[in-house]
Amino acid sequence: MALKPRVVLSELRRRKVYRSAGVYVAVGLGVLGAAEVILDPLGLGGARPYIVILVLLGFPIALALAWAYEVKPESSTPAPDPLPADPGAIGRGPIGTGTIQGDSIAVLPFESMSPDPEGDYFADGITEELTNALARQEGLRVVARTSAFAFKGERADIREIGHRLNVSHVIEGSVRRTDQALRITAQLINTEDGFHLWSEQYDRSHGDVFKIQEEIAGCVVQRLLVDVTEVQGFSIATADLSAYDAFLKGRYSLAQLHPVAVQEAIDQFEAAIQRDDHFAPALAGLAEALTFQAIGFSDRPAQETMPVAEEAANRALELDPLLPEAHLARALALMYWRWDYKGAKAGFDRALELNPNFAEAHLWEEFYWTYVQHDFENAIEANRRAQRLSPLDMRIRGRHGTVHYLFGKLEEAERLFREELVDTPENPLPHLGLADTLVRMGRPDEGVASMEEAVRLGGRPHAFLGMLATFYGLQGEAGKATAVLEEMEDRQGAGYASEFWMAIAYAGMGRMDEAFAALDKAVAERDSNLLYLSVVPTATGLNDDPRFRGILDQIGLGHLGGFD
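Residues numbered from 1 in each chain as written. Predicted model: local features only at pLDDT ≥ 70, side-chain atom pairs only at ≥ 80, totals over all residues. Heavy atoms only, no water.

Chemist: Help me out: how do you make sense of the overall build of the protein chain in this one?
Modeler: From N to C terminus, the protein chain includes 24 helices and 6 strands. Split into buried and exposed, the 564 residues of the protein chain put 53% on the buried side. As displayed, the protein chain has an accessible area near 24,000 Å², and 54% of this comes from carbon and sulfur atoms. (Helix = DSSP H or I, 4+ residues; strand = E, 2+ residues; numbered from the N terminus. Buried < 20%, exposed > 50% of the residue type's maximum accessible area, 1.4 Å probe, protein only. Areas by Shrake-Rupley, 256 points an atom, 1.4 Å probe, with all protein chains shown as cover.)

As structure tokens, this is what we get:
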């Protein structure tokens, strides 16, 4: 690709070629002046033309060396100097030798150098927004935030990171924010040899944070995609900075996927919206967080959370029709609240059309293929796409095992979950997946032991208790099953417990009339957990009851009959 004159001039300036040329000219003139004084008295005046020729020939060589001088391997990011008194001053760092061929990149977590202990969320927010900006660029595969953040706080070798994430390049950097100024540094590194291909340091005011992110993304794309003629798709939302702060805190909390953290995320998104009610990403974030609550992360009923989630998603789409997160949020509301599966699929498709690197959308699309269409090939392919974009995301890895056992591939599922537990023994989700797999394999004693461990590690959420009571019932431990069911009923009396998981518990204990009465209530309340109904273990007996098909019909899944 031919370099544009503007790009060439910019490169000359940023590589300090102009300064080197000036220094060379000054030194050359000094040499010639000295020759005038020294050569004639020594009787060497005839050498003067040769000295002139040597000085002239050396000029292009000096410029070439100045151009290439900055390309050198570096082992780590240097700590930034103290912030300058003038926040508008811009320092320049070394950059590379033109456009680099490449198609894959990961944005590693930017290091917070701020004195404020809350600086982590701000640095994480910069990392995430930069990831989102790059992900929209056609032709560039961008690893999802979740996998890149697995290296937060580590000093792993860049080549090892590239191998584990399967990327040819990474971006790393640091952020330092004070009351007066903002400093962001960024480096683009080739993972094959560890060479720094480009780096920049930005010393600006706080209000320039959005512009800096766009500049970094534009510079990276122009160096990675050799055929790019114009950088497209960078639309980092501007908002009141206090709203942006709250939004970043919300995203930081939501990534923890813990009931308390999800509520903290909701609080922060609501604070951001209160400060700027036109901030579409915060509205989309609120919708997603409320959906998480509806499917097992709180005691709040779907009737309370999902209408708000739907309204927030719709508002985000009105404000920014090109925001992938808004399309995903609305798709989740359609699938889990409206049971409008055609509309949900269209939403997933649109989110992925806008951002093919959107690992979360691929992950949620697998849920559609699994629970709505019962299509193993499409479900596993969606999971694989998500894994390619986020190879270290434990949620995606866990769903890989889940898809296998829900489609009857039990031996493979057991192997996958046991491998996962070797790496993450304190994660309750693989214990839960293994428990369900073992019960379906006719090994309830082992399944119960695994489910008890999941409950111990997971904090006793509704879904875990419902499954534990069910498995106790199937094992013949009526006393234990009753004790867990009473705990769920106490929660129900105190406020709310998912009728769906109450129904599953009743069914495992053989109390089918109570189970279907609870399912009727779940339908009336539009319990978002109902999508799991078609895949409950056949050992519960729900599938064999003539009332089962009627419940599936009411939630739009009449084409499914349940499977083991």
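Still to come is the rest of the account.
Chemist: Just checking my understanding: could you explain the pattern of salt bridges for this structure?
Modeler: A side chain with one charge can pair with a side chain of the opposite charge if their charged atoms come near. This structure, assessed with the given rule, holds 26 salt bridges. Between Glu-514 and Arg-511 there is a salt bridge whose closest N-O contact spans 2.7 Å. Given the relative accessible area of 34%, Glu-514 is considered partly exposed. On the basis of relative accessible area, Arg-511 is assigned to the partly exposed category, the value being 28%. The closest approach of N and O atoms between Asp-513 and Arg-547, which form a salt bridge, is 3.1 Å. Separated by 34 residues along the polypeptide, Asp-513 in helix α23 (residues 512–524) and Arg-547 in helix α24 (residues 547–554) bring together distant segments of the chain. Several salt bridges share partner residues, and in doing so they unite Lys-345, Asp-349, Glu-365 and Arg-385 into one network. (Salt bridge = Lys/Arg side-chain N within 4 Å of Asp/Glu carboxyl O.)

Chemist: What is the right way to look at the packing of helix α12 (residues 324–338) against helix α14 (residues 359–372) in this model?
Modeler: Viewed as axis vectors pointing N to C, α12 and α14 meet at an angle of 20°, and their least axial separation amounts to 11 Å. Between α12 and α14, the interaxial angle falls into the category roughly parallel. When you trace α12 past α14, the crossing you get is left-handed. Contacts from Leu-328, Leu-332, Met-335 and Tyr-336 of α12 reach α14 at Glu-360, Ala-361, Trp-364, Phe-367, Tyr-368 and Val-372. (Axes fitted to C-alpha atoms, helices over the stretch in contact; angles between N-to-C directions. Parallel < 35°, antiparallel > 145°, perpendicular 65-115°, else oblique. Left-handed = near helix turned anticlockwise from the far one by under 90°. Contact = heavy atoms within 4.5 Å.)

Chemist: Looking at this structure, I do not really get the environment of Gly-473. What am I missing?
Modeler: Along the chain, the position of Gly-473 falls in helix α20 (residues 462–475). In contact with Gly-473, other than residues within four places in its own chain, are Ala-481, Gly-508 and Met-509.

Chemist: Help me understand the packing of aromatic side chains, please; the structure alone is not making it clear to me.
Modeler: Any aromatic ring pair is given by two values, namely how distant the centres are and how the planes are angled relative to each other. Summed over all chains, the structure comprises 13 aromatic pairs. Judged by centre distance (5.8 Å) and plane angle (55°), the ring pair of Phe-292 and Trp-364 falls under tilted. Pair noted here: Phe-292 is in helix α10 (residues 280–297) and Trp-364 is in helix α14, with a separation of 72 residues, a long-range link. Accessibility assignment for this pair places Phe-292 and Trp-364 in one class, buried. Sitting over the ring of Phe-367, Arg-399 keeps its end group 4.0 Å from the ring centre. We note Arg-526 situated over the ring of Trp-337; from NZ or CZ to the ring centre the distance is 5.5 Å. (Phe/Tyr/Trp six-rings, centres within 6.5 Å; stacked < 30°, edge-to-face > 60°. Lys NZ or Arg CZ within 6 Å of the ring centre and 35° of its normal.)

Chemist: Can you help me understand the environment of Asp-545 in this one?
Modeler: Relative to the helices and strands, Asp-545 is located in the loop between α23 and α24. In this structure, the C-alpha to C-alpha distance between Asp-545 and Phe-516, residues 29 residues apart in sequence, is 9.5 Å.

Chemist: Could you clarify how one ought to interpret the packing of helix α18 (residues 428–440) against α20 in this entry?
Modeler: Axes are the key here: two packed helices are described by the angle between their axes and the distance separating the axes. Axis separation between α18 and α20 bottoms out at 12 Å; the angle between their running directions is 30°. As the angle between them shows, α18 and α20 are arranged roughly parallel. Our pair here, α18 against α20, has a crossing hand that is left-handed. Between α18 and α20, the residues in contact are Pro-428, Leu-429, Leu-432, Ala-435, Asp-436 and Val-439 and Phe-464, Met-467, Phe-471 and Leu-474, respectively. Its residues assigned to classes, the contact of α18 with α20 comprises 9 nonpolar, no polar and 1 charged. (Nonpolar A, V, L, I, M, F, W, Y, C, P; charged D, E, K, R; others polar.)

Chemist: Which parts of the structure should I look at to understand α20?
Modeler: In an α-helix there are 3.6 residues to a turn, and that puts residues three or four apart on one side. Counted at 1.5 Å a residue, the expected span for α20 with its 14 residues is 20 Å, and the 20 Å between its end C-alpha atoms agrees. With 11 of its 14 residues buried, α20 lies for the most part within the structure. Along α20, the residues classified as buried are His-462, Ala-463, Phe-464, Leu-465, Gly-466, Met-467, Leu-468, Ala-469, Thr-470, Phe-471 and Tyr-472. Just past α20, the residue Gly-476 takes up positive phi, approximately 95°. (Expected span 1.5 Å × (residues − 1).)

Chemist: I would appreciate a short explanation of the pairing of strand β6 (residues 196–204) in the present structure.
Modeler: As a general feature of sheets, a regular strand has side chains that alternate between the two faces. Most of β6 sits inside the fold, with 8 of its 9 residues counted as buried. In this sheet, β6 lies alongside strand β5 (residues 182–190) in antiparallel orientation, the contact comprising 8 bridges. Opposite Leu-188, over in β6, you have Trp-198 as the bridge partner. Between the end of β5 and the start of β6, which pair antiparallel, lie 5 residues, with Gly-194 showing a positive phi angle near 80°. (Pairing = 2+ DSSP bridges.)

Chemist: What's the story with the confidence of the model for the protein chain in this structure? I'm lost.
Modeler: Parts of the prediction with low pLDDT should not have their coordinates interpreted in detail. Looking at the protein chain as a whole, its pLDDT mean stands at 81, while 78% of the residues score no less than 70. With pLDDT under 50 throughout, residues 1–16 is counted as low confidence; its partners more than four residues away or in other chains account for 32 contacts. Below a pLDDT of 50 lies the segment residues 69–101, which in the model reaches 87 contacts outside its immediate sequence neighbourhood of four places, other chains included. (pLDDT = per-residue confidence, 0-100.)

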